[in-house]
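Per-entry structural report
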Amino acid sequence: MTAEHLSSLHARSATVPRTARDVVFVDGVRTPFGKAGPKGIYAETRADDLIIKCLRELVRRHPSLPPERIGEVALAATTQLGDQGLTLGRTASLLAGLPTSVPGYSIDRMCAGAMTAVTNVAGSIALGAVDVALAGGVEHMGRHPMGEGVDPNPRILSERLVDESALSMGMTAENLHDRFPQLTKERADAYAAASQEKYAKALADGKIQQDLVSVAIRGGLESQAGPGWGLATADEPPRPGTTLEALAALKTPFRVRGRVTAGNSAGLNDGATAAIIAAEEVAHELGLPVGMRLVSYSFAGVEPEVMGFGPIPATEKALALAGLSIDQIGLFELNEAFAVQVLALLDHYGIADDDPRVNPWGGAIAIGHPLASSGVRLMTQLSHHFAEHPEVRYGLTSMCVGLGMGGTVIWENPHHEEYGK
């Protein structure tokens, strides 16, 4: 690059505003999460109808937000086929009744789809291209199993770019157990039982219901006799009263005498989430609540064979960008795709398995993990934790991502006395 070219670039950049706007999480909602399959609550419900319900609810809850001020709708789905396809961010916004002037698009980063939707629109907001956006995700694993319709290039295996186990998320969790022998099945089972217990307590205390959007469903519920219509109002996956003895007796489907079971992993689930993301100055202008401020984020790649290790380098990068240490993080919302994946991050940072800062209301092992939707669930819960704990200044949301990635977002609590300083 010549000196003249550099001079020209500098001259042009001088006319562009250089101050990025602060981006905040306003509010998030989700449908109850269901079990995937013909007996699940959403077996007869379309995927796009789940996310449409979330978009409508956000607009209903915040009447001070003029729909025409929404500058983008970014929605994620891992399997973008059928009722999860056709540029979902656009079609769902139209079906939700948003103005035709509101654009939208679709995203796929597997489990981190909704997380990526949030970070993508945050960039647009920070640069001033958008003032307010809706971001979220949906996954109907009963209608669209992970990997449906894909055609992986055979070279990825034939040229040994990855081991065959990288294409099975359960096998990558077994590989993580292999790499860190101290992460035993007993520890994974104990962590899983605690997740179920924490969720049950949070539900009894009324903590979970505030996020949920009821969904009319066809086919009724197990508690209702015969076909017809029902109303999904609660998460279907939790297994209250789970014991270590019951978990120890479960089969290990991915490996003979393995360590990963249906009890210490998230299940196959259906559900949707959505959130309002805005410039902080615009949130104040419109009278929208500020749940938390985005501080930094990072996505990182790791060996696909140990996909669950991904949150560790992603967290290290996000902390470095924020100029923070792990000791300054007072609350953690970690996606529990597999217990071993959470335990790997906790061990790396010297955090106890039962640290009360981690997933205070339980996690995906109890609640469920409808792949592309889960990132916003983590954020919504962290926002509620912040409101209850003004003494905590920083928190993070993090998750592993299929094919060897991790994502972490660090947030600041607006209720803390030093917020924004």
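Note that the coordinates shown come from a computational prediction; the quantities given were computed from them, not determined experimentally.

Direction of pairing for strand E3 (residues 70-76) relative to strand E4 (residues 104-107): parallel, over a ladder of four bridges. In the strand pairing of E4, Ala74 is matched with Tyr105. The handedness of the E3 to E4 crossover, carried by helix H3 (residues 88-95), is right-handed.

As a further point, take the pattern of salt bridges. Two side chains bearing opposite charge may form a pair once their charged atoms approach each other closely. For the structure shown, the criterion picks out 24 salt bridges. The salt bridge partner of Asp205 is Lys201, with a shortest N-O separation of 2.7 Å. The exposure class assigned to Lys201 is exposed, which follows from its relative accessible area of 54%. In this structure, the salt-bridge partner of Glu412 is Arg293, at a minimum N-O distance of 2.7 Å. Of this pair, Glu412 sits in strand E12 (residues 405-412) while Arg293 sits in strand E9 (residues 292-301), placing them 119 residues apart in sequence. One exposure class covers both Glu412 and Arg293, and it is buried.

Looking now at the UniProt feature "active site" (unreviewed entry) in the chain. Residues annotated by UniProt as "active site" (unreviewed entry) correspond here to Cys111, His369 and Cys400. Taking the farthest pair of C-alpha atoms as the criterion, the annotated set spanning 290 residues converges on one region, since that pair is 11.9 Å apart. By the element assignment, Cys111 lies in the loop between E4 and helix H4 (113-126). Classification of Cys111 as buried rests on a relative accessible area of 8%. Excluding anything up to four places from it in sequence, Cys111 contacts Thr78, His369, Leu371, Ala372, Met399, Cys400, Val401 and Gly402. Counting through the fold element by element, Cys400 comes out in strand E11 (residues 394-401). The exposure class of Cys400 is buried, given its relative accessible area of 1%.

A few words now on helix H7 (residues 185-204). Relative to the 28 Å expected for 20 residues at 1.5 Å per residue, H7 spans 29 Å between its end C-alpha atoms, a close match to the ideal helical length. Every buried residue belonging to H7 is among Lys185, Ala188, Asp189, Tyr191, Ala192, Ala193, Ser195, Gln196, Tyr199 and Ala202, and all of these are buried. Two residues or fewer after H7 comes Gly206, characterised by a positive phi angle close to 80 degrees.

With 14 residues, H4 extends 20 Å from end C-alpha to end C-alpha; this agrees with the ideal 20 Å at 1.5 Å per step. Taken across its 14 residues, H4 has eleven buried, putting it largely inside the fold. Taken together, the buried positions of H4 are occupied by Gly113, Ala114, Met115, Thr116, Ala117, Val118, Thr119, Val121, Ala122, Ile125 and Ala126. Of the residues one or two after H4, Gly128 is the one with positive phi, at around 90 degrees.

The next thing to look at is the UniProt feature "domain: Thiolase C-terminal" (unreviewed entry) in the chain. The feature "domain: Thiolase C-terminal" (unreviewed entry), as given by UniProt, occupies residues 293-412 in the numbering adopted here. Helix makes up 34% of residues 293-412 and strand 26%. Its end C-alpha atoms lie 5 Å apart.

It is worth spelling out the packing of helix H6 (residues 169-179) against helix H11 (residues 339-348) at this point. At their nearest, the axes of H6 and H11 sit 9 Å apart, and the two run at 35 degrees to each other. At the point where H6 passes H11, the crossing takes the left-handed sense. For the pair formed by H6 and H11, the contact residues are Ala173, Leu176 and His177 on the first element and Val340, Gln341 and Ala344 on the second.

Glancing now at the environment of Ser101. Looking at the secondary structure, you find Ser101 in the loop between H3 and E4. Of the residues examined, Ser101 reaches a relative accessible area of 56% and is grouped as exposed. A sequence separation of 266 residues divides Ser101 from Ile367, and the C-alpha atoms of the two residues are 36 Å apart.

Of all hydrophobic cores here, the largest spans 78 residues; its most connected members are Ile277 and Trp411. Once residues within four sequence positions are removed from consideration, Ile277 is found in contact with Val23, Val24, Phe25, Val118, Val121, Ile125, Asp131, Val132, Ala133 and Ala135. If you look at the next biggest cluster of nonpolar residues, it comprises 37 residues, including Met307, Ile312, Ile326 and Ala339.

Basis of the calculations
- Residues numbered from 1 in each chain as written.
- Predicted model: local features only at pLDDT ≥ 70, side-chain atom pairs only at ≥ 80, totals over all residues.
- Heavy atoms only, no water.
- Pairing = 2+ DSSP bridges.
- Helix = DSSP H or I, 4+ residues; strand = E, 2+ residues; numbered from the N terminus.
- Right-handed = clockwise from strand over helix to strand, strands pointing away.
- Salt bridge = Lys/Arg side-chain N within 4 Å of Asp/Glu carboxyl O.
- Buried < 20%, exposed > 50% of the residue type's maximum accessible area, 1.4 Å probe, protein only.
- UniProt positions renumbered as here; feature names shortened; annotations may be inferred.
- Contact = heavy atoms within 4.5 Å.
- Expected span 1.5 Å × (residues − 1).
- Axes fitted to C-alpha atoms, helices over the stretch in contact; angles between N-to-C directions.
- Left-handed = near helix turned anticlockwise from the far one by under 90°.
- Core = buried A, V, L, I, M, F, W, Y, C linked by side-chain atoms within 4.5 Å.

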